[in-house]
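Spelled out from the first residue to the last, the chains are:
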Amino acid sequence: MKIIPFSKLTSIINKGDVIALAALSTANLPAEILKTLVEYNDEDQSFTDFTFMLANDISDYRGDSYDLDAFTTRGMIKRLITSIITASPATINAMRNNEIEAYYLPQGVITTHYRSKTQESPGTISKIGLNTNVDPRYTGGKVNERTTEDLVSLIEINHQTYLQYDFPDIDIALLRGTYADMDGNIYMTHEAHLGEGYSLALATHNNRGKVIVQVKAVVQNGNFNPNDVFIPGKLVDYVVVNTNPKLHRQVMQTQYDPALSGHYQITEMREPYIALGTRKVILRRAAQFLLEGDVISIGFGINNELSNVLSEEQVNHLVQPNIDTGVFGGLISSREHFGMNYNLSARMRHDMTWDFIYNNGLDVAYLSFAEVDQMGNVNVSKFGEKMNGCGGFIDISQTVKTIVFSGAMVVGGQLSYENNKVTVEAQGRATKFVDKVGSMDFNAENAIKFNQEVYFVTERAVFELTHKGLKLIEIAPGLDLEQDILANMAFRPILSDDIKLTQSDIYQAHWGGLAQAIKSDYRI
């Protein structure tokens, strides 16, 4: 391991390199390294044709740092391999305009492939992604017309079909830790997430690439417990020491909060409870599907606020939320506090969390939807002007026992919640229940084949997936079935012989009924 100044990076990284990062938004983002590369290219325009590979989107959200858009706007990226982009608008625009090659592939597959890509293995072979948009019989994860090379292929082993993912070898791993010792051992002491940096360093080292780690400081050997080493020095080629604190933010909202790295626990949530409205009503009804002891996957979108409802109802101790970044238990924040997770019961490497998920660790997944069709297929990755990608949606939805899809039934609908019922003030402008989904991110036929239990919770109605398609099983009190529900769908669902009314008490400002639902013997 060598400790070098940032200026030396430009002699290590070359035009056309495959560069991989292990970051989420600002967390674990080696922003000063990115700054160095961008500014060097601004001088002589030589840092181009990069392939960037990252499991999560990177963005500082603040506009005062360096992220994916800083590279895209300068034409430095030739190819992007990721799972999700939600906060890099210039990059999304470049993909839409065919300015760069781009792939959206399952986050768990990207994250875990680093350690499986050895000289002794054939790469990543998995059933994750079969019969979805990632399958080469659909698009193979290609985002636009400029993207032509196949990274995903079909193979057969013992008369069963699998997907083989052919990821490029890594030339440069750009990582971040809190400290390095004189032997190059990396410690994540102040980081909010552990990430997949260890496995990425392994894959890069195996390819004889270079592992570069940005840290806050270099300390003497013996200052930390050897059990706390995250990346052993043998895998680290270069260490650079951060000189600008704003380019080494723990999360986007703060430079450093010791509670986020598990050094103490907070006594109450840092964000207010959700006001009574459509989002809260949906989350309350969705939470009623929980049973005591459930391990819950909390997805991006509306479900990120599920922990807020659990906290208000004082039922956190009855279930354990999980975010695939490696967060187990605790208070999972949302909105302006997104990514600020407190009082965790466990914190694991990103790739190890996917091991947990792939090995039947989850009981219920709470996922969002953008479009649903008559058979129950779901699109989350590409709709309207949005090109978000699948994230970990495909990995999770193909491995969990029970799925609760949550979301508003109609875009732009205006509803009021008074007197224990729902009143539609304005129907809205567009339905999410469509003739055909724009991207096959969840294949309902697959779910039926593997006996998954699947529900769709909206502010107006609840649906269940059956082998014949979507079945309406419950409507909100105060609504008209034909006018307020069926008229807002592009197809007519199966109607249950016994359509129930949603429990009216969830429409009160203060509820208090979730504990009883969770302690019941069956999913309501």
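All values derive from a computational prediction rather than experimental measurement.

Rules of the game
- In every chain, residue numbers begin from 1 and rise along the written sequence.
- Residue-level local features of this predicted model are given only where pLDDT is at least 70; pairs of side-chain atoms are given and counted only at 80 or more, and the full residue set underlies all totals for whole chains, interfaces and linings.
- For the side-chain quantities, the full set of heavy atoms in the structure was used; hydrogens and water were omitted.
- Here, any two strands with at least 2 DSSP bridges between them count as paired.
- Helix numbers and strand numbers start at the N terminus; a helix is a DSSP run of H or I with at least 4 residues, a strand a run of E with at least 2.
- Here, residues are in contact when the closest pair of their heavy atoms is within 4.5 Å.
- Each axis is a line fitted through C-alpha atoms, and for a helix only the stretch in contact is used; angles between axes span 0 to 180 degrees, taken between their N-to-C directions.
- Think of it in three bands: with a 1.4 Å probe and only protein chains considered, a residue is buried below 20% of the maximum accessible area for its type, exposed above 50%, and partly exposed in between.
- By the criterion applied in these results, polar contacts are pairs of N or O atoms within 3.5 Å in which, for protein atoms, one can donate a hydrogen and the other can accept it, and in which residues neighboring in sequence qualify only through two side-chain atoms.

Colleague: Which parts of the structure should I look at to understand the sheet that holds strand β16 (residues 295-298)?
Modeller: Strand pairing in a sheet relies on backbone hydrogen bonds. The paired strands run either parallel or antiparallel. Strand order across the open sheet formed by 10 strands is β21-β18-β17-β16-β22-β25-β30-β31-β32-β33, with mixed pairing between neighbours. The open sheet terminates on both sides in strands that have one partner only, identified here as β21 (346-347) and β33 (494-501). Pairing analysis gives three bridges linking β16 to strand β17 (residues 320-323), with the strands arranged parallel. Of the residues in β17, the one forming a bridge with I296 is P321. With respect to the sheet, helix α8 (residues 350-358) is in contact with β16, β17 and β18 (327-328), its orientation differing from that of β17 by roughly 125°.

Colleague: Honestly, the sheet that holds strand β6 (residues 124-126) in this entry has me stumped. Any pointers?
Modeller: With antiparallel pairing, three strands are arranged side by side in an open sheet as β6-β8-β7. Both outer strands of the open sheet, β6 and β7 (152-157), are each paired with one neighbouring strand and no more. Adjacent strand axes in the sheet meet at a mean angle of 35° when their direction is disregarded. The pairing of β7 with strand β8 (residues 160-165) spans six bridges and is antiparallel. Residue pairing in the sheet places E156 in a bridge with T161 of β8.

Colleague: Even after reading the chapter, I still don't get the side chain of T36, so can you show me in this structure?
Modeller: Here T36 is to be found in helix α1 (residues 31-44). Note on T36: relative accessible area 14%, which makes it buried. A distance of 2.9 Å separates a polar atom in the side chain of T36 from the backbone oxygen of E32. Discounting chain neighbours no more than four positions away, the residues touching T36 are F6 and L9.

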